[in-house]
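For reference, the chains in residue letters:
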Amino acid sequence: MSFRSIEAYKEILPKITAKEESILNVLCIGSYKAESISKFTSIPLITTRARLSELFDKGVINQYEDGSYFLVDPEETNNIKEKRLEEKYLKWKKLGEKNGWHFRYEVFDKHGREPLPKDYE
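All figures in this text were calculated on a predicted structure; none of them were measured in a lab.

Q: Describe the nonpolar core, with residues and values.
A: The tendency in soluble globular proteins is for nonpolar side chains to be buried side by side. Counting 18 residues, the largest nonpolar core has Ile23, Leu27, Leu52, Ile61, Tyr69 and Leu71 as the members making the most contacts within it. Elements with a minimum of two residues in this core: α2 (18-29), α3 (34-41), α4 (45-57) and β2 (69-71). Among the elements that make up this core, the one with the highest residue count is α2 (5 residues). Residue contacts for Ile61: discarding those within four places in its chain leaves Leu24, Leu27, Leu52, Leu55, Phe56, Tyr69, Phe70, Leu71, Val72 and Ile80.

Have a look at this one:
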C-alpha cells in the first residue's frame, strides 16, 4: 500500500489508538491472520482480535475467506461498514429467532425503528 493511502487512513481515523496503528502498519505489508499480527506486534492475541474487530467495524480492513485480514481502499470504507453492520444484524437476528427474542427484529424490519413501549402491548 502506498504512503498516500496510509495517510488517507489516518485522516479517516483521527482517533486511532497506538495498537490499531501497529496493526495497520503490519497490514500495510500484506494480509495476515490474527495470530501472525499478534506475533509481529507483540500484542496479546485476544487484544489483537478485539482491535481487528474494531477496525473491521470502522471499514478500514476486511477479511478473506481463509481468515487473513487486509487493508481496503479508503473509497470502500463505507461499503465495508454497511456490509459489516448488515452481517452483525443478520447474526443477531438469527440468534434472536433461535432464542425467541425475535419481536424486536420483527418491529425493526416492519417499521425501520426500535420497538416503542406501545409495541409491547
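Let us keep going from here.
Q: I'd like a description of the pattern of salt bridges, backed by residues and values.
A: The full count for this structure, using the stated rule, is 5 salt bridges. Between Glu20 and Lys58 there is a salt bridge, with its nearest N and O atoms 3.3 Å apart. Taken together, the residues Glu20 in helix α2 and Lys58 in the loop between α4 and β1 (61-63) connect sequence positions 38 residues apart. One salt bridge in this structure joins Arg84 and Asp57, with 2.7 Å as the shortest N-O distance. Of this pair, Arg84 sits in helix α5 (residues 77-99) while Asp57 sits in helix α4, placing them 27 residues apart in sequence. For Asp57, a relative accessible area of 28% puts it in the partly exposed group.

Rules of the game
- Residues numbered from 1 in each chain as written.
- Predicted model: local features only at pLDDT ≥ 70, side-chain atom pairs only at ≥ 80, totals over all residues.
- Heavy atoms only, no water.
- Core = buried A, V, L, I, M, F, W, Y, C linked by side-chain atoms within 4.5 Å.
- Buried < 20%, exposed > 50% of the residue type's maximum accessible area, 1.4 Å probe, protein only.
- Helix = DSSP H or I, 4+ residues; strand = E, 2+ residues; numbered from the N terminus.
- Contact = heavy atoms within 4.5 Å.
- Salt bridge = Lys/Arg side-chain N within 4 Å of Asp/Glu carboxyl O.

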